[in-house]
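Residue-level structural notes
Given next are the chains, with one letter for each unit.
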Amino acid sequence: MATEIGLNEVAADVFELRLPIPFEDGLVNVFLFPDGDETDLLDCGMNTEESVEAIRAAVQQVGAKRIRRLVVTHIHPDHYGAAGVFAGEGLADLYLHRLEVPLVYPRYVDVEHLVSEVRTYLLVNGVPDDESEVLSNSQRALSQIVKPAVPAVQLDGAETLEVGRRRLRVEWTPGHSPGHICLYDEGEKVLFAGDHMLPELSPNIGLHPQSTPDPLHEYLDGLRRLAGYEPRLILPAHGRPFTDAPSRVATLVAHHTKRLDQIAAIVARGERSAWEVALELWGPRDNLYEKRLALQEGLAHLQALAVDGRLKKFVTPTSVRWRPPSQGS
């Protein structure tokens, strides 16, 4: 089934809706699970008129009159942005991992404290003063495309949810975001992968003020666990449905292993800040969003290397510096 609003039946009673976004590959996939007059929804796109209207049209297209449950994989704008439009009192029940919940208010409502915190984080990691001012303020624009909602259910992981006519197990997969979740149909071996496992892109795994302390190791551990399930179909949030999770995970693990080795080699040549590492690895970038992501990705790899003892991390109130093990003092 395909319609003018981009609705496709990708598994029995599971409909994928592709919504426009201004980053990643230009589209985010959300999923509808109809059950009579009601439907459940996995992720909800950004809070834009075009995106919201597409979801409302899709709800009608699958024969439903209302959204019953909204399950959100994580609170990035392209997955959570329209939560307050579709969930809340008298609307759908919102299901969200509990580690995502405390991130919402500082990120999208009262952003001033987070802007200040991010600026400090940028400065101590070697970003020049003028660039840190611009990069920290880029956070403000995101609040324009997000309408928050209070979750009715806070998830831990390992819950079984009734979603549409399916029973799906919640898989907590931190890394891309602290409370990122995937949903897995154990009977039919269908994985709703969110941003955790993508067919072509490697999701940004970043260390930053709202991340967990060691996101790269957590991300890789989650990939290996899901690959062990050997799902027959993976439905990602970006890109097209795919198969062969073990092969895709092997490719992603190899990608990050290569990047760890590249960064270790950079630091082996002498002490660096994370900003210096990012510039040396990826080169200068004009796009503000990409600059932030590059720094965060570099920091996640540096932290993993420090955790593994492959380099040393030195901190003061004004700087974070990375040295090879041979320069440990």
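Above this text is the structure in question.
Basis of the calculations
All residue numbers refer to positions counted from 1 along the written sequence of the respective chain. Only residues with pLDDT of at least 70 get local features here, since the model is predicted, and only at 80 or more are side-chain atom pairs given and counted; chain-wide, interface and lining totals rely on the full set of residues. Note: side-chain values were computed over all heavy atoms of the structure, leaving out hydrogens and water. Aromatic contacts are taken between Phe, Tyr and Trp rings whose centres are within 6.5 Å, Trp giving its six-membered ring; a plane angle under 30 degrees counts as stacked, one over 60 as edge-to-face, and the others as tilted. Note on geometry: a ring has a charge over it if NZ (lysine) or CZ (arginine) is within 6 Å of the ring centre and within 35 degrees of the ring normal. DSSP calls a pair of strands paired once it identifies at least 2 bridges connecting them. Each helix is a run of DSSP H or I of at least 4 residues and each strand a run of E of at least 2, with the numbering of both proceeding from the N terminus. Axes here refer to lines fitted to C-alpha atoms; in helices the fit is confined to the stretch in contact. Angles between the N-to-C directions go from 0 to 180 degrees. Only protein chains enter the calculation, and the probe is 1.4 Å; a residue is then buried if its accessible area is under 20% of its type maximum, exposed if over 50%, and partly exposed in between. Orient the strands so they point away from the viewer; a crossover is then right-handed if the path from the first strand over the helix to the second runs clockwise. Counted as a polar contact is a pair of N or O atoms within 3.5 Å, where, for protein atoms, one must be capable of donating a hydrogen and the other of accepting one, and residues adjacent in sequence contribute only when both atoms are in side chains. A pocket, in this scheme, is an open set of points on a 1 Å grid over the protein atoms alone with protein on both sides within 12 Å along at least 5 of 7 lines, while a cavity is a set where a 1.4 Å probe fits but cannot get out; residues line either one if an atom lies within 4 Å of a point. Grid points are joined across faces, edges and corners, and a volume is the space filled by probe spheres set on the points. Lys, Arg, Asp and Glu make up the charged group, whereas Ala, Val, Leu, Ile, Met, Phe, Trp, Tyr, Cys and Pro make up the nonpolar group; the residues left over, Gly among them, are polar. Disulfides are defined as pairs of cysteine sulfur atoms found within 2.5 Å of each other. Put simply, a nonpolar core is a bunch of buried Ala, Val, Leu, Ile, Met, Phe, Trp, Tyr and Cys residues held in one set by side-chain atoms that sit within 4.5 Å of each other. Residue contacts are counted whenever heavy atoms from the two residues lie within 4.5 Å of one another. For classification purposes, an angle smaller than 35 degrees is called roughly parallel, one larger than 145 roughly antiparallel, one from 65 to 115 roughly perpendicular, and anything else oblique. By definition, a salt bridge exists where a carboxyl oxygen of Asp or Glu is found within 4 Å of a side-chain nitrogen of Lys or Arg.

**Things to note about the packing of aromatic side chains**
Under the criterion given, the structure shown has four aromatic pairs. Members of the aromatic cluster, each reached through a chain of ring pairs, are Phe 31, Phe 33 and Phe 192. For the cation-ring pair, Arg 323 lies above Phe 314, with the distance from its terminal atom to the ring centre recorded as 4.0 Å.

**Regarding the sheet that holds strand S12 (residues 233-236)**
Pairing in this open sheet of five strands is mixed, and the strands run S8-S9-S10-S11-S12 from one edge to the other. A strand with exactly one partner marks an edge of an open sheet, and here the two such strands are strand S8 (160-163) and S12. If you compare each strand with its neighbour and ignore which way they point, the axes differ by 30 degrees on average. With three bridges joining them, strand S10 (residues 181-185) and strand S11 (residues 190-194) adopt antiparallel strand pairing.

**Brief notes about the pairing of strand S5 (residues 66-71)**
Across the six residues of S5, five count as buried, placing the element largely inside the fold. In this fold, strand S4 (residues 38-42) hands off to helix H1 (residues 49-61), which returns the chain to S5; that crossover is right-handed. Bridging between S5 and strand S6 (residues 93-97) involves three bridges; their strand directions are parallel. If you follow Leu 70 over to S6, its bridge partner there is Leu 94.

**Thoughts on the side chain of Asn 29**
Position of Asn 29 among the secondary structure elements: in strand S3 (residues 27-35). A relative accessible area of 1% places Asn 29 in the buried class. Polar contacts involving the side chain of Asn 29 include one to the main-chain carbonyl oxygen of Pro 236, which spans 3.0 Å. A polar atom in the side chain of Asn 29 sits 2.9 Å from the backbone oxygen of Gly 239.

**Description of the layout of surface pockets**
Considering only enclosed or pocket space, the largest pocket measures out at about 1,100 Å³ in volume. What lines the largest pocket is a set of 40 residues, among which Glu 24, Asn 204, Tyr 289, Leu 293 and Gln 296 lie closest to the centre. Only helix H2 (77-80), helix H4 (101-108), helix H5 (112-124), helix H8 (245-268) and helix H10 (288-307) provide two or more residues apiece to the lining of the largest pocket. The dominant element in the lining of the largest pocket, judged by the number of residues it contributes, is H10, at eight residues. Looking at the second largest pocket, the residues that line it are Arg 56, Val 59, Gln 60, Lys 65, Arg 66, Ile 67, Val 85, Phe 86, Gly 90, Leu 91 and Ala 92. Of all the secondary structure elements, the ones that give two or more residues to the lining of the second largest pocket are H1, S5 and helix H3 (83-86). Here the lining of the second largest pocket takes three residues from H1, the largest share from any one element. Across the lining of the second largest pocket, the residue classes tally to six nonpolar, two polar and three charged.

**Observations concerning the state of the cysteines**
Enumeration according to the criterion identifies zero disulfides in this entry. Looking at the unpaired Cys 44, the closest cysteine sulfur is the one in Cys 182, lying at 17 Å. For Cys 182, a relative accessible area of 0% corresponds to the buried category.

**Comments concerning the nonpolar core**
Leu 191, Met 197, Leu 295, Leu 302 and Trp 322 are the most contacted members of the largest nonpolar core, which totals 43 residues. For this core, the element with the highest residue contribution is H8, accounting for nine residues. For Met 197, the contacting residues outside a window of four places in its chain are Leu 191, Leu 223, Leu 226, Ile 234, Pro 236, Phe 242, Ala 245, Arg 248, Val 249 and Leu 252. Residues Leu 7, Tyr 80, Ala 82 and Ala 92 belong to the second largest nonpolar core, which totals 38 residues.

**Overview of the packing of H8 against H10**
Where H8 contacts H10, the axes come no closer than 10 Å and their chain directions differ by 80 degrees. With respect to H10, the axis of H8 lies roughly perpendicular. Only Glu 297, Gly 298, His 301, Leu 302, Ala 304 and Leu 305 of H10 make contact with H8, whose side of the interface consists of His 256, Arg 259, Leu 260, Ile 263, Ala 264 and Val 267. Of the residues assigned to the contact of H8 with H10, the class counts are seven nonpolar, three polar and two charged.

**As for the pattern of salt bridges**
Counting across every chain of the model gives 28 salt bridges. We note a salt bridge from Asp 129 to Arg 119, for which the minimum N-O separation is 2.7 Å. Note that Asp 129 is positioned in helix H6 (residues 129-137) and Arg 119 in helix H5, a separation of ten residues in sequence. When its relative accessible area of 47% is taken as the criterion, Asp 129 is described as partly exposed. Ionic pairing is found between Glu 188 and Arg 166, a salt bridge with its closest N-O pair at 3.3 Å. Of this pair, Glu 188 sits in the loop between S10 and S11 while Arg 166 sits in strand S9 (residues 166-172), and the two are 22 residues apart along the sequence. Judged by relative accessible area, which is 36%, Glu 188 ranks as partly exposed. Via salt bridges that share partners, Asp 13, Asp 35, Glu 38, Asp 40, Arg 66, Arg 68, Arg 69 and Arg 165 belong to a single interconnected network.

**A short note on the sheet that holds S5**
Strand pairing in a sheet relies on backbone hydrogen bonds, with the paired strands running either antiparallel or parallel. Reading across from one edge, S1-S2-S3-S4-S5-S6-S7 is the order of the seven strands in this open sheet, with mixed pairing throughout. Since the sheet does not close on itself, it has two edges, and those belong to strand S1 (7-11) and strand S7 (153-155), each with one partner. Neighbour to neighbour, the strand axes of the sheet diverge by 25 degrees on average, direction disregarded. Note that S6 and S7 share three bridges and pair parallel. Residue pairing across strands places Tyr 95 opposite Val 153, the latter belonging to S7. Each of S1, strand S2 (14-20), S3, S4 and S5 touches H1; the most contacted strand, S2, lies at about 160 degrees to it.

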